[in-house]
Amino acid sequence: MFPGRSWGWALLWALLGQAVPGGCLPRGGLLFPFGAERGDAELELGDDVSSPPLELSTPLRFYGSSVGSLYVATNGIIAVNEPSKEEEYLGQFPLSFGAIAPFLADLDTTDGRGKVFYREDSSPDVLQLAADHIQRGFPETIFDPSSVVIVTWTFVAPYHVPGEVPTLEGKRNTFQAVLASSDSSSYAVFLYPEDGLQFYSAHSKNAEEKIPATVGFSQAATNYYLWIKPGSYNTIANDEESIRNLHESSNSGRKGIWVFEIGSSSNSIVPAKISYSPEFGDDEQYQEVTSKPAVLHHDSVEISPQQVPYDVPSRRGDQQHITYRIPQSASEDDLQPPHKAITTETPPREPFFNQQPELSTGKTPPQFQVQQFPQQYSQVIDVEDEDIEETGIVFRYHTDVQQTCANNRHQCSVHAVCRDYPNGYCCSCIAGYKGNGRQCVAEGSPQRVNGKVKGKIFVGSNPVPVVFENTDLHSYVVMNHGRAYTAISTIPEVLGYSLLPLASVGGIIGWMFAVEQQGYRNGFSITGGEFTRQAEVTFLGSNEKLVIKQKFSGIDEHGHLTISTEMEGKVPEIPFGASVHIEPYNELYHSSSSVITSSSTREYTVTEPERDGIAPSYTVAYQWRQTISFDECIHDDSHHAISATQQLSVDSVFVLYNRDEQILRYAMSNSIGPVSDGSADISRNPCYTGTHGCDTNAVCRPGTGNQFSCECSVGFRGDGRVCYDVDECSEQPTVCGSNAVCNNQPGTFRCECVDGYRFSDDGRTCVAVEHVINHCAMGTHNCDIPQRAQCVDVDGSSYICTCLDGFSGDGRSCVDVDECRQNRCHPDAFCYNIPGSFSCQCKAGYRGDGFQCVLGELEKTKCQREQEQALASRGSSYSQRPVPVGQFVPQCDEHGNYQPTQCHSSTGYCWCVDRNGNEIDGTRTGPGIRPPCLSTAAPPVVIGPSVRPDSIPLPPGTHLLFAQSGKIEHVPLVENSMKKTDAKALLHVPDSVVIGVAYDCMDKMVYWTEISGPSISRASLHGGEPTTIIKTDLGSPEGIAIDHLGRNVFWTDSHLDRIEVARLDGSQRRVLFNTGLVNPRAIVADSVRGNLYWTDWNRDAPKIETSYMDGTNRRILVKDDLGLPNGLTFDTYSSMLCWVDAGTKRVECMNPSQLGRRKILEGVQYPFSITSYGKNLYYTDWRRDAVIAVDRTISKENDNFQPHKRARLYGITTAFAQCPQGHNYCTVNNGGCTHLCLATPGGRSCRCPDNTVGVDCIERN
C-alpha cells in the first residue's frame, strides 16, 4: 500500500473549501471543467435534495434501455427515475428507482458545506475529452459521443448526527461522474482526484453506526400487477478499503479514472480492464506505452483474462449481480524498476458461468455461446522473475518450460494415462474405463447423478410465477442399457403436471451415458461430465419459452456426478391429473471445438382426466435448441476421428408426476450412433437395442450381425450375465499401505487414513498430522489477563499479545492508562480514572456529559417531576409533609428513571411499568408480593472510550453463560463445580438490557434478547463482533430458545403477548401463538422430541404450557400451586423439565410425559432464570445478585457465585462443549421443506413465514 497521505493536506483543502471557486480542484487537473462559468446548474443546498428532471438531448443507454431524463441528488447519485426520500434507500443497494452511484452516502451541503454542479454539454472539447477517456479504457472501441452529462460534487460534507461528537469534522469529498452517449451506446466515467476523498463512510439517519459508501450501478425495479421484480445491479466498491483506493487505482490506465460501458446489456455493466501501473502515471507516459506493438516475450507476465480482478456474474434471485474488486495499491517499498514494456492482447470471451482458475493442462478454455461479455483486453507486462512482487493483481507466467505429464500427472484421473505431445499433454482413460481422461468411470457400471434444481416459471396465463429453490435431483443410469431414471422432488402440484413434457431435463443425463455404437462417443466420453448446457424450449402453438441452464461439475468424492439446474420462463398449463406421452425421437448433435449444438422439433400428447366417460387428448409441438460447452484437450487429434455429427436415438420415454409425493419422474433409453436416413436402423445388435441380458454391472460387446458378448465391469467378476463384486481389500491386504485402512465398495475400494494421519500431496500416502496448538484458545499463552490484553492466534501454533484500549505495555504486562492526566474532560468537570477507561462528570451547578459542561442544573425527568408534584407542599419542603392516605407517589431510581416495580404505600399492591411509567396489564399483585418486573431503561453508558463490543474467545469445555444488564458473563464448569476464579465477561453490550440467553452448540454461538432496543442478537464464542438478527416488530422479547437440530430460534414477547419462530439468521419469521398469553417469559426447546415449553406468570392464572414446535398440540402442563414462574429448563439427558417460581419461592421438576411434580428446593429468595448441567441446577437470584447451584439429587444448595459487580442477574444457559446426541426430522436437508422446518414427535411440518409473497413456499405435514 502507498502510505496514507498526510491529513494536513486533507484538512487544508477542507478549510479552503468555502473559498475555492467551483472550478478549483483537489491536487491535479483530473476533473472535467465545471462551474458556473461553464454553464453548470447548481443543486440547491441541503441534506436530501434532488434536481428537477434534466432532459437529455441524446437519450442515455442504461442496462439496455433508453433514459430521457436524469435526476441529480445530494447523496452522490444520478437517478434515472425520481428518487425516493433518502430514509427509504440509504444503507441499501440496489436502489428501486435506478441510479448511477459514484459515491452513494448520506452527504450534506447545508450551510454551504460543499456544492453540486451539473450540466449536459455537447461542446467539441468536452466531447473529445470524454472520447479520449473511453478510448483508453476500451482501445478497440470506436466511440463518438454526441452529448455528455457532467455532475461534480465539490467539497461535500458527510451527514452529522445532532448531539454527537463530529468525528468527521472538516472532512470533505470531491468527485465527478461523466455520462457520455451516442445514438447507440453510453459510457460512464468516474473521476476521483488525489486527496479528493477524505472520508469513506458516513453516519446515516437509518443506522446508528457509520455505513461505508457504495460505488456502483443499479437498474430500476419493474412493477408488475402482483409483485415487484428487482433490477440488475453491479457493485464496484462498498467497503472502506476499496473506497480508499479509488483514487490510487484505475481500470482505464490512469489512476483515479474508472470507465464503464453501461448501455449494451440488459443485466450487466462492462468495466474497462486496463490496469493502472504506478510507473506510468501521467498522460505522456501512458500514450507512449500504449502505442507500442503487442509483442509477447519469453519470461513475460500476462494478466489472465480469467484472473482480471472482478467476479463473473452470479445470480441473486431475479437480479444479476457483479462485484468488482478494486486492486490494492502496492507500497512504495514494493515498487520495482520500470517494466520493459506494456502491451495489450485480446483474451477469449468471458463466460456467463463461474470459471475455475485456469489449469495448466494445455487445454483450451470453454467457449460459452450465451450471455458473454464484450471482448476486453488484458495487459502483458515484461518483468524478470525475481522482480515479481504482490501488487493486488494476479499474474500468470508465460515461460519456455513445456507443460508435460511429469509436472501435471495429478490433472488426470487415477484410471487414466497421461501422454505428452509436441505442444503439451493429454489424459486418456485406460482400458475398461470411459471418459475424457480427467474423469473416468468403469465401463458398464451403473452411475448416479445428484444435484439441485431451482426455477421461476409462469404456468399458462397465471401472472404469478412458481418459484422454487434447493430442490433435489437424483438420477440412476444403467449404462449397458443406456437407460436413465431421473427424479426431481418437492415440485408443487400447480407446476408438476405442466413440467411433464420437459423430459430432456433428465435427457441430458441419458446423452451422457447413451449406448455407444462403434466409432461414436456419448457425452461422458467427450466431456467427462464437466460441461455447461443451455437449452431453450419453444412451445410452437403459444410461442411460450423456457430457458434451462445446467452445469455438470464432474465426479464428487462419493463417486457421483454433480449437477445444478436452473429453469426460467413460461410453459403451457397441463390440467391436474393429466398424463403425457412422448414418442421415440432422434436428435442430431453437431460437434466443433469445445462446443456441441443440437436442435429438434418433436411432439407430446396430453390426455386429460376422464369427464363423462371421455378423456380428451391433444398434441403440442415444441422445439428444443441447446448448446453444450466443455473443455477438451487440443493436443490429441484422435477425437477428430469421431464424426462431427452424431445421432442420439431416444425411446421408451416415460414421464410421471406423483401428486402425493410431489415428485417428477423421467425415464428414457438412449443410444448414440450415425445419422439415420429414415430407413430401418443400420444396426439392430442387442448391445445397441438394450435386449442383451447382460448384468447391470457388465458391458455389452457387439460382434458381427446380432452376435455379442457380456463382460463384467472393472471391479466385478463373473460370466457377464451374472457379475459379483471383487473384494480388493481381502485379496490385496496391503493395497492401501501403512497407516491406512481399506474399505471395499461395489466395483472399487477406498483407502482412508487412520486417526492421526492424513493423505500427503500425492493423495496416496498417509502421513502423520501435525498438531496445531491454539495457545489462545487453550489458555497456554503468557499474555496478560483478558481484562487488560488480547491474545491473537498467528499461523497455527504462534500468537501475539496486545494490550486493550485504555492499557499500555507489551501485551504480556499491561498497565492502566490514566486518561485523567491527559485533561480529557471539560475544565468544569471531575475526571474519574477506571481500569481501561475513565468517566467525566460535570461539577455542581453545571450540566452536560462531562466533555461539555454549561451552567445550569440538569433537567428533571418525568418520574422526578411527578414525584415532586405528589410530595410538594405549599411553600415548604415536601419531605416534611406526610403523604396523604391513598395517594400514590411514583418511585424513581438514581438516574431519574421509573423503577420497573411500582408499589402503592397505602394498599401494598405492586405492578410493573414501562419506561414511560404506564402500568403493564396483567402484572398487578396483591399486598406483600412484588412482581418480577424488568427495567426497560438501559444503564447509563460510562463516559469515555467505549468497551470493545466483540466477544472474548472461550477456552474449551462447558460454561455457564448469564446476563447482567449490559453484558454477558461466563463461568467455566469443571465436572459439577463452578470454577469461579476463571469467571470473566464474555461480551459487553453497552446501553442495553440483556434478558434471555440461549446457546447453539452446533455453531458455538450465544443468542440473547434485549428489551431496551428491543432486539435479538448473536455472537460467536470463538470471538468477534455481535450481529443483530431481528430488530423490527418487537415489543419486549424475553425468553429465547434454540432448536440446534432444526436450526430455528424461538422467543417470547411479553409486550406483544406472542411466541414466534425464525431461522437462526432471523429470516422467515412466523408467529406461533398470539392468543391465550398474558406475561410469557421463559421458553425452552426439546430438539430431539420436537417439543416446546414456556411459562406465563399471568397474575390471575399463572401456567406452564407445552406444544409441538410447529404450534400444534398446545396444552397446559402445570397450572396449580404456581405463583410467579420465571425460569424454565429442560435437561435432554434426564428428560426432566425444571422451573423456578418467585411467588412460591420454590425450585421444582417433573417429567413432561408423566404426572407428578417434585420439589427440589424451597425457601429460595427471588429466582429469575434456571439452567441445568449434570446433577446440578443453576439459577440466578435477584435478591442475592448471584448464581446459585443446587444438587437436584439431594435437594440441597451446594455453591453460589456472586460477580464482582453487584447488579441484577437475568437469563442463564449452559454452553455445552458437545451437542447432546440425537436428531429430529429437520436435521437433514431441512426436512425437505422449502422454508421453515418445525419438528414434531416422530415427524415435522413444513411451514411458511408470515407475509409470504407469491406461491414459492409449500406447507405440508
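Cut-offs and rules
- Residues numbered from 1 in each chain as written.
- Predicted model: local features only at pLDDT ≥ 70, side-chain atom pairs only at ≥ 80, totals over all residues.
- Heavy atoms only, no water.
- Helix = DSSP H or I, 4+ residues; strand = E, 2+ residues; numbered from the N terminus.
- Buried < 20%, exposed > 50% of the residue type's maximum accessible area, 1.4 Å probe, protein only.
- Contact = heavy atoms within 4.5 Å.
- Areas by Shrake-Rupley, 256 points an atom, 1.4 Å probe, with all protein chains shown as cover.
- Expected span 1.5 Å × (residues − 1).
- Core = buried A, V, L, I, M, F, W, Y, C linked by side-chain atoms within 4.5 Å.
- Pairing = 2+ DSSP bridges.
- Axes fitted to C-alpha atoms, helices over the stretch in contact; angles between N-to-C directions.
- 1 Å grid on protein atoms, 1.4 Å probe; cavity = no way out; pocket = protein on both sides within 12 Å on 5 of 7 lines; lining within 4 Å.
- Points joined across faces, edges and corners; volume = space filled by probe spheres on them.
- Nonpolar A, V, L, I, M, F, W, Y, C, P; charged D, E, K, R; others polar.
- Domains from an automatic or database assignment.
- Phe/Tyr/Trp six-rings, centres within 6.5 Å; stacked < 30°, edge-to-face > 60°.
- UniProt positions renumbered as here; feature names shortened; annotations may be inferred.
- Salt bridge = Lys/Arg side-chain N within 4 Å of Asp/Glu carboxyl O.
- Arc of directions from axis to C-beta.
- Patch = residues over 30% accessible without salt bridge, like charges linked within 9 Å, V, L, I, M, F, W, Y side chains within 5 Å.
- Disulfide = S-S within 2.5 Å.
- Polar contact = N/O pair within 3.5 Å; in protein donor to acceptor, adjacent residues only side chain to side chain.
- pLDDT = per-residue confidence, 0-100.

### A closer look at the overall build of the protein
- Looking only at helices and strands, one finds 11 helices and 86 strands in the protein.
- Relative to its full complement of 1261 residues, the protein shows a buried share of 52%.
- The contacts in the protein between residues at least 6 apart in sequence include a share of 56% that link residues at least 24 apart.
- Per element, the accessible surface of the protein, about 56400 Å² overall, is 49% carbon and sulfur.

### Notes on helix 2 (residues 124-137)
- The end-to-end C-alpha distance of helix 2 is 20 Å, a good match for the 20 Å that 14 residues give at a rise of 1.5 Å each.
- Those residues of helix 2 that fall on the buried side of the exposure criterion are Val 126, Leu 127, Ala 130, Ala 131, His 133, Ile 134, Arg 136 and Gly 137.

### What about the nonpolar core?
- The biggest cluster of nonpolar side chains holds 63 residues, and the ones touching the most others in it are Leu 502, Trp 511, Met 567 and Tyr 666.
- Non-local contacts of Trp 511, meaning those with residues more than four positions away in its chain, are made with Asn 522, Gly 523, Thr 527, Phe 531, Tyr 589, Ile 596, Ile 628, Leu 648, Asn 670 and Ile 672.
- In this structure, Phe 103, Ala 177, Leu 179 and Ala 213 belong to the second largest nonpolar core, which totals 44 residues.

### Some remarks on the sheet that holds strand 80 (residues 1167-1173)
- What the four strands build is an open sheet, ordered 80-81-82-83; its pairing is antiparallel. The sheet is open, and its two borders are formed by strand 80 and strand 83 (1196-1201), each paired with just one other strand. The average undirected angle you get between the axes of adjacent strands in this sheet is 25 degrees.

### Comments concerning the layout of surface pockets
- The volume enclosed by the second largest pocket comes to roughly 1800 Å³.
- Together, 41 residues line the second largest pocket, and Val 414, His 415, Thr 748, Phe 749 and Arg 750 are the ones closest to its centre.
- Elements supplying a minimum of two residues to the lining of the second largest pocket: strand 28 (440-442), strand 29 (447-459) and strand 47 (748-753).
- Here the element with the most residues in the lining of the second largest pocket is strand 47; it accounts for four residues.
- Residues belonging to the lining of the second largest pocket are distributed by class as follows: 16 nonpolar, 15 polar and 10 charged.
- Each of two domains, domain 2 (445-676) and domain 3 (729-768), supplies a minimum of three residues to the lining of the second largest pocket.

### What about the packing of aromatic side chains?
- A full pass over the atoms with the stated rule returns 32 aromatic pairs.
- Judged by centre distance (5.3 Å) and plane angle (35 degrees), the ring pair of Phe 103 and Phe 175 falls under tilted. Within this pair, whereas Phe 103 is found in strand 5 (residues 99-104), its partner Phe 175 is found in strand 9 (residues 173-181), the two being separated by 72 residues in sequence.
- By relative accessible area, which is 0% here, Phe 175 ends up buried.
- Each residue in the set Phe 103, Trp 153, Phe 175 and Phe 199 is aromatic and connected to the rest through ring pairs, giving one cluster.

### Considering empty space enclosed by the protein
- Under the counting rule described, the total for this entry stands at nine cavities of 30 Å³ or more.
- Quantified by volume, the largest cavity comes out at close to 690 Å³.
- Ala 998, Val 1084, Ala 1085, Thr 1129 and Thr 1213 are the residues nearest the centre of the largest cavity, which is lined by 39 residues in total.
- Sorting the residues of the lining of the largest cavity by element identifies strand 64 (994-1000), strand 68 (1037-1043), strand 72 (1080-1086), strand 76 (1125-1131), strand 80 and strand 84 (1212-1215) as the ones contributing at least two each.
- Among the residues making up the lining of the largest cavity, the classes are represented as 21 nonpolar, 14 polar and four charged.

### Examining the UniProt feature "domain: EGF-like" (unreviewed entry) in the protein
- Mapped onto this numbering, the UniProt entry annotates "domain: EGF-like" (unreviewed entry) at residues 683-724, 725-767, 772-815 and 816-852.
- Measuring from the first to the last C-alpha atom of residues 816-852 gives 25 Å, for a span that is 0% helix and 43% strand.

### Overview of the sheet that holds strand 64
- One open sheet accounts for four strands, arranged 64-65-66-67; its pairing is antiparallel. Two strands lie at the open edges of the sheet, namely strand 64 and strand 67 (1027-1030), each paired on one side alone. With direction set aside, neighbouring strand axes in the sheet form an average angle of 30 degrees.
- Across three bridges, the pairing between strand 66 (residues 1015-1020) and strand 67 is antiparallel. Bridge pairing links Ile 1016 to Ile 1030 in strand 67.

### Here we look at the pairing of strand 39 (residues 617-630)
- By the bridge criterion, nine bridges tie strand 33 (residues 530-539) to strand 39 in an arrangement that is antiparallel. Residue Ala 535 lies in a different strand from strand 39, and its bridge partner there is Gln 626.
- The pairing of strand 38 (residues 595-607) with strand 39 spans 13 bridges and is antiparallel. Across the sheet, the residue bridging to Ile 596 is Ile 628, located in strand 39.

### So, the pattern of salt bridges
- One pass over the structure, following the stated rule, counts 44 salt bridges.
- We note a salt bridge from Arg 1069 to Glu 1060, for which the minimum N-O separation is 3.0 Å. For the pair formed by Arg 1069 and Glu 1060, the shared burial category is buried.
- A single network of salt bridges, built from pairs that share partners, joins Lys 434, Glu 443, Glu 516, Arg 701 and Glu 711.

### Observations concerning helix 11 (residues 862-871)
- Residues of helix 11 that are buried include every one of Cys 863, Ala 870 and Leu 871, and no others. The buried residues of helix 11 occupy one face: seen down the axis, they fall within an arc of 90 degrees.

### Considering a nonpolar patch on the surface
- A contiguous nonpolar patch, built from Val 741, Val 754 and Tyr 757 and spanning about 200 Å² of accessible area, is present on the exposed surface.
- Locating Val 754 in the fold gives a position in the loop between strand 47 and strand 48 (757-759).

### Focus: the state of the cysteines
- Under the counting rule described, the total for this entry stands at 24 disulfides.
- For Cys 736, the disulfide goes to Cys 751, at an S-S distance of 1.9 Å. Taking the torsion about the sulfur-sulfur bond, which here is approximately -80 degrees, the covalent link between Cys 736 and Cys 751 counts as left-handed. One end of the pair, Cys 736, is in the loop between helix 9 (728-731) and strand 46 (740-745); the other, Cys 751, is in strand 47, and 15 residues separate them in sequence.

### A few points about the side chain of Ser 218
- In this fold, Ser 218 is placed in strand 13 (residues 214-218).
- Looking at Ser 218, its side chain comes within polar contact range of the main-chain nitrogen of Leu 95, at 2.9 Å.
- When sequence neighbours within four positions are dropped, the list of residues in contact with Ser 218 reads Phe 62, Tyr 63, Phe 93, Pro 94, Leu 95, Gly 98, Ala 99, Ser 232 and Tyr 233.

### Re unusual backbone geometry
- Of note, the bond from Phe 93 into Pro 94 is cis; its omega dihedral lies within 30 degrees of zero at 15 degrees.
- On the secondary structure map, Pro 94 appears in the loop between strand 4 (77-79) and strand 5.
- Of the consecutive residues Gly 1013 and Pro 1014, the connecting peptide bond is found in the cis state with omega at -15 degrees.
- With respect to the helices and strands, the residue Pro 1014 is situated in the loop between strand 65 (1005-1010) and strand 66.
- One non-glycine residue with positive phi stands out, namely Asn 1229, at about 55 degrees.
- Relative to the helices and strands, Asn 1229 is located in the loop between strand 84 and strand 85 (1236-1240).

### Focus: the confidence of the model for the protein
- Per-residue pLDDT for the protein averages 80, and the proportion of residues at 70 or more is 82%.
- In the predicted structure, residues 278-400 sits below a pLDDT of 50 and forms 271 contacts with residues beyond four places in sequence or in another chain.
- Ignoring residues within four places in sequence, the model shows residues 941-948, a span with pLDDT below 50, making 19 contacts including any to other chains.

### Quick notes on the environment of Tyr 433
- Position of Tyr 433 relative to the elements: it lies in strand 27 (residues 433-435).
- You can call Tyr 433 buried: its relative accessible area is 14%.
- Spatially, the C-alpha atoms of Tyr 433 and Ser 713 are 8.7 Å apart, while their sequence positions differ by 280 residues.
- When residues no more than four places from it in sequence are discounted, the contact partners of Tyr 433 are His 415, Cys 440, Val 441, Ala 442, Glu 443 and Val 714.
- At 3.4 Å, the side chain of Tyr 433 and the side chain of His 415 are in polar contact.

### A look at the pairing of strand 25 (residues 416-421)
- By the bridge criterion, six bridges tie strand 25 to strand 26 (residues 424-429) in an arrangement that is antiparallel. Looking at strand 26, one finds that Cys 418 is bridged to Cys 427.
- The hairpin formed by strand 25 and strand 26 contains two residues between the paired strands.

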